[in-house]
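This is what each chain is made of:
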Amino acid sequence: VPDPGVPVPVPAMAARILLRLRHALAGDADREPRAPGGPEPEELPERSELEDDTEGLSTRLSGTLSFTSQEEEEEEEEEEGAGEEPGQSAGAEDAGRCWAGVRESPVLGRQHLGVPSPWGAATERPGSSLLTRQLQELWRKSRGSLAPQRLLFEVTSASVVSERSSKYVLYTIYLIHSGRFDKAPAAITRRYSDFEQLNRRLRCRFGCDMAGIAFPRKRLRQNFTAETIAKRSRAFEQFLSHLHSIAEIRRSPEFLEFFFLQDLRAAQRMTCTGMYREALATWANAYRLQDRLGVCGSGRFLLTLAGLAVCHQELDQLGEAHRCCEQALQLLEAQGSHPLLGPFLQAHIHLAWKVGKDKRRSEARLQDLREAGLPLQQQPSLKECLIKEPLE
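Residues numbered from 1 in each chain as written. Predicted model: local features only at pLDDT ≥ 70, side-chain atom pairs only at ≥ 80, totals over all residues. Heavy atoms only, no water.

Asker: What am I meant to see in the environment of Ala-309 here?
Answerer: Relative to the assigned elements, Ala-309 resides in helix 10 (residues 299-314). You can call Ala-309 buried: its relative accessible area is 1%. For the pair Ala-309 and Lys-383, spaced 74 residues apart in sequence, the C-alpha separation works out to 9.1 Å. (Helix = DSSP H or I, 4+ residues; strand = E, 2+ residues; numbered from the N terminus. Buried < 20%, exposed > 50% of the residue type's maximum accessible area, 1.4 Å probe, protein only.)

Asker: Sorry if this is basic, but what is going on with the nonpolar core here?
Answerer: Generally speaking, nonpolar side chains in soluble globular proteins are found buried as a group. Phe-239, Leu-240, Leu-243, Phe-259, Leu-293 and Phe-344 are the most contacted members of the largest nonpolar core, which totals 71 residues. In this structure, this core is formed jointly by two domains, domain 1 (149-248) and domain 2 (252-391), each of which donates at least three residues. Those residues in contact with Phe-239 that lie beyond four places of it in its chain are Phe-195, Leu-198, Asn-199, Met-210, Ile-213, Ala-214 and Phe-215. (Core = buried A, V, L, I, M, F, W, Y, C linked by side-chain atoms within 4.5 Å. Domains from an automatic or database assignment. Contact = heavy atoms within 4.5 Å.)

Asker: Looking at this structure, I do not really get helix 13 (residues 360-371). What am I missing?
Answerer: An α-helical turn contains 3.6 residues, so a residue and the one three or four places further along point in the same direction. For helix 13, spanning twelve residues, the distance from its first C-alpha to its last is 16 Å, which sits close to the expected 16 Å at 1.5 Å a residue. Buried residues of helix 13: Ser-362, Arg-365, Leu-366 and Leu-369, and no others. Buried residues of helix 13 fall within an arc of 100° about the axis and therefore sit on the same side. Relative to its buried face, helix 13 has exposed residues pointing more than 90 degrees away, namely Arg-360 and Glu-371. Looking at the packing, one finds that the buried side of helix 13 touches helix 11 (318-331) and helix 12 (341-355). The first or second residue beyond helix 13 is Gly-373, which carries a positive phi of 95°. (Expected span 1.5 Å × (residues − 1). Arc of directions from axis to C-beta.)

Asker: Which parts of the structure should I look at to understand the pattern of salt bridges?
Answerer: If the charged atoms of two oppositely charged side chains come close together, the side chains can form a pair. One pass over the structure, following the stated rule, counts twelve salt bridges. A salt bridge links Lys-231 to Glu-227, with the shortest nitrogen-to-oxygen separation between them at 3.2 Å. Here Glu-227 and Lys-231 lie together in helix 6 (residues 226-244), a separation of four residues that amounts to about one turn. Both residues of the pair, Lys-231 and Glu-227, belong to the exposed class. Three or more residues are tied together by salt bridges with common partners; here these are Glu-333, Arg-361 and Arg-365. (Salt bridge = Lys/Arg side-chain N within 4 Å of Asp/Glu carboxyl O.)

Asker: Would you take a moment to explain the sheet that holds strand 3 (residues 186-191) for this structure?
Answerer: Paired through their backbone hydrogen bonds, the strands of a sheet run either parallel or antiparallel. What the three strands build is an open sheet, ordered 1-2-3; its pairing is antiparallel. Each edge of the open sheet is held by one strand with a lone partner, namely strand 1 (151-162) and strand 3. Neighbouring strand axes in the sheet, compared pairwise and without regard to direction, differ in orientation by 25° on average. (Pairing = 2+ DSSP bridges. Axes fitted to C-alpha atoms, helices over the stretch in contact; angles between N-to-C directions.)

Asker: Is there a simple way to think about the packing of aromatic side chains in this case?
Answerer: For any pair of aromatic rings, the description rests on two quantities: the centre-to-centre distance and the angle between the ring planes. Scanning the model with the defined rule gives eleven aromatic pairs in all. When the centroid spacing of 5.1 Å and the interplanar angle of 85° are considered together, the rings of Tyr-171 and Phe-236 count as edge-to-face. A residue pair is termed long-range when its members are at least 10 positions apart, and Tyr-171 in strand 2 (residues 167-177) and Phe-236 in helix 6 qualify at 65 residues. For the pair formed by Tyr-171 and Phe-236, the shared burial category is buried. Each residue in the set Phe-153, Tyr-171, Tyr-192, Phe-195, Phe-215, Phe-236, Phe-239, Phe-255, Phe-258 and Phe-259 is aromatic and connected to the rest through ring pairs, giving one cluster. The side chain of Arg-190 reaches across the aromatic face of Phe-258, ending 5.4 Å from its centre. Sitting over the ring of Tyr-168, Arg-191 keeps its end group 3.7 Å from the ring centre. (Phe/Tyr/Trp six-rings, centres within 6.5 Å; stacked < 30°, edge-to-face > 60°. Lys NZ or Arg CZ within 6 Å of the ring centre and 35° of its normal.)

Worth remembering: the numbers are spatial, not functional.
Here it is as structure tokens:
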């Protein structure tokens, strides 16, 4: 039995609580006298301060971290700490993953994030910049797994064209890779009837996929007002973007030919008539269009490279012509035979000799074709291939 004369050491908080209970039981008369001008009895501010601070932290960091208030922690300690020695609780076991009311984050794992403690700076742990470092690390890791760059369709201008018997609006559409700067844009000019024909052809072939794709209707009046042209411009952008988002449609000949078949026909016609400078610009735009659409391995693209090589050669730009032939031969590397392989090899050998480049590999490939029985004497030149190629 403890000696009544020896004071039992108790924490200061418990002492104040016991003192107030004693005063409440004894009445006002037995209160401990207070010195004149002395401070008022100290209140207990811990609860209100912690609630305010926890609310502020939850507002700033909600969704990333979960918080518990002091009352919840005390209840947990009372429930989980039953049977343990005084001064020790189950909360001490979680000290590695629970600090200053911050529990383990399901996103960031068991890390101390240096959140300001409601009990003051003395209990605050280092590492206040750890959250920033982790977010930066997540960003660096995610950059390598980003989705491919998206192709955007933007109507940059629209002009009203009046001819003898008709009047229509000509829309200029740019094909732009999101997040990339294009020095030379890929552009097309189309009128409403061109979009309408594309819509009709695709609905005949892809009825189910086209069911949810809207198309602007034709109007009987006010087709040339600024408001109508602006609305149709936005509608055509959304229409092309929706079509391009469906893999089967964006790979279809109907969709692809809408963009570059007109350019190929015009470039072929100008090349046949000797308008090489005008044809070169049209071939180059067709090249950029096919590059944006991701069809650089098709037969149309090889024909485009042939047109570029011929026009560059006719304009005495032999280095550019040589590079076009090299690019085509790289695409034809895996193909044993192709109608354009022999003409490209012959043109490459001739241009390599002109510009002083190595031509031995092309000569070896050409010799292999001879040994395979290909009559190279009857092979047309690249220019003849352009003239004879039907573009339907």
